[in-house]
Amino acid sequence: MTIALDTARRRRRNPDDVRTEAIAAARQLLVTGGPDAVTLQSVAGALNMAHGNIAHHFGSAANLQTALADALIADMVAAVREGTNRLRTGAITEADLVDLIFDRFERDGVGRLIGWLAAQGSDRLDTMYRHLAKVPAELGQTPEGSGLTRDALPKVVAIIVMAALSASLIGPGTLAALGLPENFSRERATEYLMRWRHSGGGAEHRIES
């Protein structure tokens, strides 16, 4: 009886629910085991579902990993949008915004997954680039006087995102090897953002190495 009831419950799961649950399970597997741990079999096991059910929705582990990257990147972009809005209203500082983005890459495992996908040499990061391409235009709606001009925004986004990605992949080891504090990358990204914001995007040549 219990088995029959459990089977009935599984059959009532609609496709959207299965995909949502699968990506949530994949997120946890990414954080605990890294990109290699995100497989159809491991996600199926985490959800107590048959391997074939997960395969039916994603087709392959590569497609599952791409869907996971898409979800994580979308969350990161949403965080950038929300954080920038809070920055321009004075609710947070530049350092808070940098921490927000760095945390997305490091804590949620998005940096490790992006690095892993990039190493495959495939086109599976196209979704990330499309998401990032929209950010300057969205943030360009900030009011005059915010210091986040249309010309400055692409460079600000690039330096923060690339710094966060680098820090999530090799940051701790690199800084330790060079005898630098663990917050060095965040402080440099914060400094860059502050200079761009308060100069209206004209301080590029004055950034010190």
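Every chain is numbered independently, its residues counted from 1 as its sequence is written. Whole-chain, interface and lining totals are the exception, using all residues; otherwise, since this is a predicted model, local features are given only for residues with pLDDT of at least 70 and side-chain atom pairs are given and counted only at 80 or more. In computing side-chain values, all of the structure's heavy atoms are included and hydrogens and water are not.

### Considering the packing of helix H5 (residues 61-88) against helix H7 (residues 110-119)
The relative placement of two packed helices is expressed as an angle between their axes plus a distance between the axes.
Piece 1. One can describe the packing of H5 onto H7 by two numbers: an axis separation of 10 Å at closest approach and a directional angle of 135°. The angle between H5 and H7 places the two elements in the oblique class. Crossing hand, H5 versus H7: left-handed. Of the residues in H7, those touching H5 at Gln65, Leu68, Ala69, Leu72 and Ile73 are Val110, Leu113, Ile114, Trp116 and Leu117.
Piece 2. Only Asp, Glu, Lys and Arg are considered charged, only Ala, Val, Leu, Ile, Met, Phe, Trp, Tyr, Cys and Pro nonpolar, and every remaining residue, Gly among them, polar. Residue composition of the contact of H5 with H7, by class: 9 nonpolar, 1 polar and no charged. Lines are fitted to the C-alpha atoms to define the axes, a helix being fitted only along its stretch in contact, and any angle between axes, read from their N-to-C directions, falls within 0 to 180 degrees. The secondary structure listing takes helices from DSSP runs of H or I that are at least 4 residues long and strands from runs of E that are at least 2 residues long, numbered from the N terminus. Roughly parallel refers to an angle under 35 degrees, roughly antiparallel to one over 145, roughly perpendicular to one between 65 and 115, and oblique to any angle outside these ranges. By the definition used in this description, the sense in which the near helix is turned from the far one sets the handedness, with an anticlockwise turn below a right angle giving left-handed and a clockwise turn giving right-handed. Every residue pair with non-hydrogen atoms within 4.5 Å of one another is taken to be in contact.

### A closer look at the confidence of the model for the protein chain
Piece 1. Confidence of the prediction at every residue is given by pLDDT, a number between 0 and 100. When pLDDT is averaged across the protein chain, the result is 80; 81% of the residues are at 70 or more.
Piece 2. Between the elements of the protein chain, mean pLDDT differs from a low of 47, seen in helix H1 (residues 2-12), to a high of 93, seen in helix H3 (residues 40-46).
Piece 3. Within the model, pLDDT remains below 50 along residues 1-10, and this stretch shows 1 contact once partners closer than five positions in the same chain are excluded.

### Section: the environment of Ala167
Piece 1. Among the structural elements, Ala167 can be located in helix H9 (residues 153-177).
Piece 2. Note on exposure labels: buried denotes an accessible area under 20% of the residue type's maximum, exposed denotes more than 50%, and partly exposed covers the range between, all computed with a 1.4 Å probe on protein chains only. Looking at Ala167, the relative accessible area reads 8%, which means it is buried.
Piece 3. Spatially, the C-alpha atom of Ala167 lies 8.6 Å from that of Arg186, the residues being 19 residues apart in sequence.
Piece 4. Contacts of Ala167, omitting those with residues within four sequence positions, involve Phe102, Glu106, Pro172 and Ser185.

### Looking at the pattern of salt bridges
Piece 1. What makes a salt bridge here is a side-chain nitrogen of Lys or Arg within 4 Å of a carboxyl oxygen of Asp or Glu, nothing more. Here the structure, examined in full by the defined rule, presents 8 salt bridges.
Piece 2. For the salt bridge of Arg188 with Glu191, the shortest nitrogen-to-oxygen distance reads 2.6 Å. Residue Arg188 and its partner Glu191 are both found in helix H10 (residues 184-199); the two are separated by 3 residues, about one turn of the helix.
Piece 3. A salt bridge links Arg195 to Glu191; the nearest nitrogen and oxygen atoms lie 3.0 Å apart. Here Glu191 and Arg195 lie together in helix H10, a separation of 4 residues that amounts to about one turn.
Piece 4. The structure contains a network of salt bridges with shared partners spanning Asp99, Asp103, Glu106 and Arg186.

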